[in-house]
Amino acid sequence: VTSSFNILVLHGPNLNLLGLREPEIYGSTTLAEIDTMLARVAGSLECQVSCFQSNHEGALLDAIHGARGDCQGILINAGAYTHTSLALRDGLVGVGLPVVEVHLSNLYKREVFRHHSHIAPIALGQISGFGAESYRLGLQALIHHLRETSAGSAGMAG
Ligand code: CA2
């Protein structure tokens, strides 16, 4: 018997440009390719992902609220909102789901204003610097955590 989980994957502002601009910083993989890869990785672990990108803080917040009841965890690259948004942090705390924070680039190699994350203190952990692989690693870590913590509870699917 394997636990099956629904994971909300959130991509913040400008990530729709992935693969189209600045490949030297963010790589040449598009967001659609990342979402396809995550669906495949989730499927291989008998889980599902729902992926959503927005350039709007409120839309991301609505998606976080919507995860309540439907999803068991959230994988998030909040883009620049990572460094600015107390609203996203409060929303993530509010829904009470485990969160893994991911970044394509290594935040700590970059400008000082990217070194602080409002999300990191409320996340299970952060993966930063591995390009599209950061998402894969983050998803695997989140599903592993859910499996470790849900034995015998509502996460079990048969
Ligand atoms: O490294 C990451 O994943 C970031 O979350 C990306 C954000 C940045 O503000 C964070 O500090 C770190 C920016 C995403 C912008 O994505 C673009 C992709 C292609 C072309 C232009 C922007």
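This text goes with the structure placed above it.
No experiment lies behind these values; they were computed from the predicted model shown.

Helices and strands together make up the secondary structure of the chain, namely five helices and five strands. Ordered by position from the N terminus, the helices and strands of the chain form the series β-α-α-β-α-β-α-β-β-α. Here the C-alpha radius of gyration of the chain, 15 Å, is about what a compact globule of 158 residues would show, namely 15 Å. Among the 158 residues that make up the chain, the fraction classed as buried is 44%. Counting only carbon and sulfur atoms, one obtains 53% of the accessible surface of the chain, whose full area is about 7700 Å².

Turning to the environment of I34, a few remarks are in order. Considering the arrangement of structural elements, one finds I34 in helix α2 (residues 31-44). You can call I34 buried: its relative accessible area is 0%. Distance in space between the C-alpha atoms of I34 and A63 is 19 Å, their sequence separation being 29 residues. The residues touching I34, leaving out its near neighbours within four places in the chain, are H11, L18, T29, L104, A132 and Y135.

Our next topic: the site of the ligand. N77, H83, L104, S105 and R114 are the nearest of the 16 residues found near the ligand. Contact between the ligand and N14: an oxygen atom at 3.5 Å from a main-chain N or O atom of the residue. Protein chains bury 95% of the 510 Å² of accessible surface belonging to the ligand in isolation. For the shell around the ligand, the per-class residue count stands at seven nonpolar, six polar and three charged.

Another point: the environment of A42. By the secondary structure assignment, A42 is in helix α2. Residue class for A42 comes out buried when judged on its relative accessible area of 0%. Along the chain, A42 and Q140 lie 98 residues apart, while their C-alpha atoms are 8.1 Å from each other. Leave out the neighbours within four places in its chain, and A42 touches C47, Q48, V49 and L139.

Applying the stated criterion to the full structure yields three salt bridges. E111 is the salt-bridge partner of R110, the closest N and O atoms lying 3.9 Å from each other. Between R136 and E133 there is a salt bridge, with the nearest N and O atoms lying 2.8 Å from each other. Taken together, the residues R136 and E133, both in helix α5 (residues 132-150) and three residues apart, mark about one turn of the helix. Under the relative-accessibility criterion, R136 is labelled partly exposed at 23%. E133 gets classed as partly exposed once you look at its relative accessible area, which sits at 34%. One network of salt bridges, in which partners are shared, links R110, E111 and R114.

This part is about the side chain of S54. By secondary structure assignment, the location of S54 is in the loop between β2 (48-53) and α3 (57-66). Given a relative accessible area of 6%, S54 falls into the buried group. Among the polar contacts listed, one links the side chain of S54 to the backbone nitrogen of H56, at a separation of 2.9 Å. Beyond its immediate sequence surroundings of up to four residues, S54 is in contact with H11, G12, P13, A59 and L60.

Contact geometry of α3 with helix α4 (residues 86-95) gives a least axis separation of 9 Å together with a crossing angle of 5°. It follows that α3 is roughly parallel to α4 by the angle criterion. Contacts between α3 and α4 involve E57, L60, L61, I64 and H65 on the former and, on the latter, A87, L88, G91, L92 and V95. Here the contact of α3 with α4 is built from residues that sort into seven nonpolar, two polar and one charged.

Definitions and cut-offs
Residues numbered from 1 in each chain as written. Predicted model: local features only at pLDDT ≥ 70, side-chain atom pairs only at ≥ 80, totals over all residues. Heavy atoms only, no water. Helix = DSSP H or I, 4+ residues; strand = E, 2+ residues; numbered from the N terminus. Rg over C-alpha atoms; globule rule 2.2 N^0.38 Å. Buried < 20%, exposed > 50% of the residue type's maximum accessible area, 1.4 Å probe, protein only. Areas by Shrake-Rupley, 256 points an atom, 1.4 Å probe, with all protein chains shown as cover. Contact = heavy atoms within 4.5 Å. Near = heavy atom within 4 Å. Polar contact = N/O pair within 3.5 Å; in protein donor to acceptor, adjacent residues only side chain to side chain. Nonpolar A, V, L, I, M, F, W, Y, C, P; charged D, E, K, R; others polar. Salt bridge = Lys/Arg side-chain N within 4 Å of Asp/Glu carboxyl O. Axes fitted to C-alpha atoms, helices over the stretch in contact; angles between N-to-C directions. Parallel < 35°, antiparallel > 145°, perpendicular 65-115°, else oblique.

These results come straight from atomic positions and should not be treated as a statement about function.
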